[in-house]
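# Commentary on secondary and tertiary structure
Letter by letter, the chains look like this.
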Amino acid sequence: MSNNKLKKVSLTAAATGVMAGVASAASNEAVDELIAKIRGKSDKVRGDALLRAGEAGAPAVKPLAKAMDDEDVEVTRAAKRALWKIVRHAGRPRARDEKRVVAAELIGLLGDGQPTSVRREVLWMLSEIGPRRSVKAIAALLSNKELREDARMVLQRIGGRQSLAALKAGLKAAPKDFKLNIAQSLRQRGVNVRGLACVKLVPTKKTNVKPVK
Amino acid sequence: MKRTNQLNRREFLAGAAAGAAAVSFPYFVPSGALAARGRGGANERITMAHIGVGGMGGSHLRGMVKRRDKGEVNIAAVCDADENRLANAVKTAGKGVQPYRDYRYILQRKDIDAVVIATPDHWHGVQMVHAAECGKHVYVEKPACCTIEEGKAMVAAAKKNKVSVQVGSQGRSQPEAYLAHRYLVNGNIGHISRVDCFHYPSPEDNNPVPDSAPPPELDWDLWLGPLRWRPYNKRYCHGVFRWVLESGGGQIRDRGAHVMSCAMWWMGADGTGPVTIEATGTAPTKGLWDSAVLMKVTYTFKNPDWTLTWTQMPREQLPSAEKRTGKEPGGRISRPGYGAIYRGDKGEFIHWGGDGGTWAEKKAREWKPSAGAKDVYKSPGHKEDWFKGIKTGAKTIMNIEAAVGVANLCVLGNLSFILGRKLRWDPVKQEIVGDEQARRMMGRPQRHPYHL
């Protein structure tokens with residue numbers, strides 16, 4: 001797959017902002033080629049594809065997320081790394097439109113239809129490029145037992161009033177065993193949280209090793 | 001276990017004043033005497049605990065046992081998340097040493113003055129800050145921090161709690177580091193405008209395995225600590241954590257924290273930082289490890305202007321090592337695969353190593369200072385320098401401010417590599433400029449309750 005082809009796909013997507021409308025034959029072909037290489041058996045081919053994955057942009061997000069659930073652990077890793085490449089490329093300065101469409105694709109992957117491992121990774125991707133409008137979808141995961149810890153950390157990192165409000169609302173709604181976690185994020189964001197003492201210095205884990213007698 | 005029964009002068013006086021009861025406990029150090037805001041006397045015996053006792057931590061412990069056997073220190077506790085490692089450490093340390101899985105039990109003990117932290121990198125910041133908050137003096141392995149925000153918290157905690165911190169970039173304390181430093185600051189190669197650090201590549205994971213259940217001896221939750229949760233994989237630990245970006249960061253963080261430590265010190269650049277950072281490199285094509293294999297990072301400094309580079313290059317491109325007799329202050333060069341070339345307007349100078357082995361080129365070793373030549377600080381030894389800091393309040397040779405400055409170089413180099421673009425850095429505010437994504441990556445939220 002040529003760099004130019006990937007760049008064209010990515011720029012087209014960014015320019016229109018409507019994914020359905022840009023799924024041209026050329027872009028499909030470029031993304032298909034990327035995915036085929038990622039799913040291939042050759043480390044070298046996979047590695048070369050990874051290097052150039054960043055410019056594949058938004059059209060490659062969902063196909064790569066699907067490949068992250070592959071049975072072959074190396075395909076899973078490569079797909080994950082390729083997706084991170086896209087996130088890091090899209091987050092560069094002065095690429096607002098590209099970042100916006102990639103983030104939109106990522107938000108779409110937070111739903112129940114995706115494996116937990118994919119959703120967890122996507123959460124952290126959004127921690128780097130997630131806009132204000134990603135906050136609602138992330139905050140919804142504060143009630144998901146498997147993902148709530150990642151979700152509250154991601155909200156902590158995103159910054160801004162929306163994420164702070166989501167954390168405050170999350171604290172009110174949180175079950176007792178999760179309130180301290182959210183309180184920690186709020187403290188990190190400069191909020192004085194009363195009634196929930198920080199337990200970071202409280203030891204909890206006992207060893208079975210005995211001292212020498 | 002051989003231990004001395006001799007009392008030092010302070011203990012003797014304390015014992016005499018308190019009566020026979022005190023004399024019957026010859027290893028007693030007044031509770032929190034050194035750990036508190038005040039400083040103990042020069043003869044006070046420091047009571048130590050070791051957090052992280054495998055690999056480098058095991059080496060620290062064995063060294064401290066020798067010091068204890070000479071009557072220099074007490075060892076009260078050892079700690080590790082791996083029960084096998086902990087059991088070995090207890091055997092090494094002997095009677096009277098309490099084992100812990102959770103380091104926070106150690107921080108609660110008032111009789112412990114100081115801790116040696118040699119856990120994986122992702123724990124350094126949190127444990128150092130917690131120890132400082134509990135009034136403990138700290139020796140923490142390099143690199144100091146994994147993120148910019150961790151580094152800021154470490155500096156603030158040491159300052160607020162008035163504890164002595166030494167970071168394990170022990171290259172600064174090596175005999176030939178002193179000779180190199182003295183040679184360079186006396187202008188022997190003129191004005192230095194460029195320092196090129198070299199290192200062999202980071203390894204690739206050529207034996208990748210799928211995730212699995214952690215072994216029974218390992219508390220995986222505690223090993224992960226501040227990191228976001230992920231399933232256990234054999235290729236995370238032990239030791240090899242350093243090839244994973246989140247927990248180690250590759251050669252640039254592992255050895256960069258040594259070689260660039262020498263550069264910052266010898267260039268008089270502690271407390272400063274670059275204004276731009278630009279990295280390129282190659283990533284592994286398979287396996288768990290994701291640190292750059294080959295890498296080149298260019299750091300540009302302003303006022304004064306100079307350039308620092310870090311290059312992980314194929315072994316055949318490394319500079320050849322100097323031949324030696326073994327009688328030099330640092331002995332033979334046992335690790336020729338890393339070091340730095342200093343480029344001045346009157347010549348060049350090269351050193352190899354930069355950690356526990358630091359080897360200066362012959363011309364620096366043989367240089368005789370004339371009357372009026374500048375001298376530089378000569379460390380009595382990295383641990384000795386720390387003990388001096390604990391007892392007198394003197395700034396350590398690899399104090400936390402300097403160490404965070406060096407660690408930031410490593411962190412920023414990796415960030416530029418990860419993001420695939422040049423970064424701009426404000427060395428005064430210690431912030432990335434003009435890149436929202438990179439700015440978010442200056443910190444990394446930590447899992448509850450293992451946080452700053």
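Residues numbered from 1 in each chain as written. Chains lettered and ligands numbered in written order. Predicted model: local features only at pLDDT ≥ 70, side-chain atom pairs only at ≥ 80, totals over all residues.

## Notes on unusual backbone geometry
Going by this rule: Only DSSP runs of H or I reaching four residues or more are called helices, and only runs of E reaching two or more are called strands; each is numbered from the N terminus.
Cis geometry marks the peptide bond from B:Lys142 to B:Pro143, where omega comes out at -10 degrees. Note that B:Pro143 resides in the loop between strand E5 (137–140) and helix H7 (148–161). We note that A:Arg94 has phi near 65 degrees; this positive angle belongs to a residue other than glycine. If you trace the backbone, A:Arg94 turns up in the loop between helix H5 (73–90) and helix H6 (96–107).

## So, the sheet that holds E5(B)
Residue and element names in this part refer to chain B. Just so we agree on the cut-off: Two strands qualify as a pair provided that DSSP identifies no fewer than 2 bridges between them. Convention adopted: a line fitted to C-alpha atoms gives each axis, helices being fitted over their contacting stretch, and angles between N-to-C directions are expressed from 0 to 180 degrees. This entry defines residue contacts through backbone-placed C-beta atoms, with two residues in contact when those atoms are within 7 Å.
Strand order in the open sheet formed by six strands is E3-E2-E1-E4-E5-E6, and the pairing between neighbours is parallel. Every other strand in the sheet has two partners, leaving strand E3 (98–100) and strand E6 (165–167) as the edge strands with one partner each. On average, each strand axis in the sheet is tilted by 20 degrees relative to the strand beside it, whichever way the strands run. Pairing geometry for strand E2 (residues 73–79) and E3, over three bridges, is parallel. Counted as the bridge partner of Val 78 is Pro 99 from E3. Taken strand by strand, helix H3 (residues 55–69) contacts strand E1 (46–51), E2 and strand E4 (114–117), and its axis lies near 150 degrees from that of E2. Together, E1, E4, E5 and E6 form the strand contacts of helix H6 (residues 121–133), whose direction differs from that of E5 by roughly 165 degrees.

## A word on the pairing of strand E8 (residues 276–281) of chain B
Residues and elements named next belong to chain B. Quick reminder of the rule: Partly exposed residues are those whose C-beta has more than 12 but fewer than 20 other C-beta atoms within 10 Å; 20 or more makes a residue buried and 12 or fewer makes it exposed, with C-beta atoms placed from the backbone.
Covered by surrounding structure in E8 are Ile 277, Ala 279 and Gly 281 only, the residues Thr 276, Glu 278 and Thr 280 on the alternate face being uncovered. Pairing of E8 with strand E9 (residues 295–301), which is carried by six bridges, proceeds in the antiparallel orientation. Within E9, the residue paired with Ile 277 across the bridge is Tyr 299. As paired elements, E8 and strand E14 (residues 423–426) share two bridges and run antiparallel to each other. Across the sheet, the residue bridging to Thr 276 is Arg 424, located in E14.

## What to know about the packing of helix H10 (residues 160–173) of chain A against helix H11 (residues 176–188) of chain A
Residues and elements named next belong to chain A. We apply this condition: Orientation categories follow fixed angle ranges, with anything under 35 degrees roughly parallel, anything over 145 roughly antiparallel, 65 to 115 roughly perpendicular, and all other angles oblique. Here is the rule for handedness: rotate from the far helix to the near one, and if that takes an anticlockwise turn smaller than a right angle the crossing is left-handed, while a clockwise turn gives right-handed. Gly is placed with the polar residues, together with every amino acid not listed as nonpolar (Ala, Val, Leu, Ile, Met, Phe, Trp, Tyr, Cys and Pro) or charged (Asp, Glu, Lys and Arg).
The geometry of H10 relative to H11 is characterised by a closest axis approach of 9 Å and an angle of 155 degrees between their N-to-C directions. As judged from the angle between their axes, H10 and H11 are roughly antiparallel. For the pair H10 and H11, the sense of crossing is left-handed. Residues Leu 167, Lys 168, Gly 170 and Leu 171 of H10 lie in contact with H11, whose contacting residues are Lys 179, Ile 182, Ala 183, Ser 185 and Leu 186. In terms of residue class, the contact of H10 with H11 is built from five nonpolar, two polar and two charged.

## Things to note about the confidence of the model for chain B
Heads up, the condition is: Residue-level confidence of the predictor is summarised by pLDDT, bounded by 0 at the bottom and 100 at the top.
For chain B, the mean per-residue pLDDT works out to 92, and 90% of the residues sit at or above 70. Under the prediction, the complex receives an ipTM of 0.91, its pTM being 0.92.

## As for the interface of chain B and chain A
If you look at the interface, chain B gives 43 residues, while chain A gives 38 residues. The greatest single-element share of the side of chain B that touches chain A, amounting to five residues, is contributed by helix H4 (residues 83–93) of chain B. Each residue belonging to the side of chain B that touches chain A can be placed in one class, and the counts come to 19 nonpolar, eleven polar and 13 charged.

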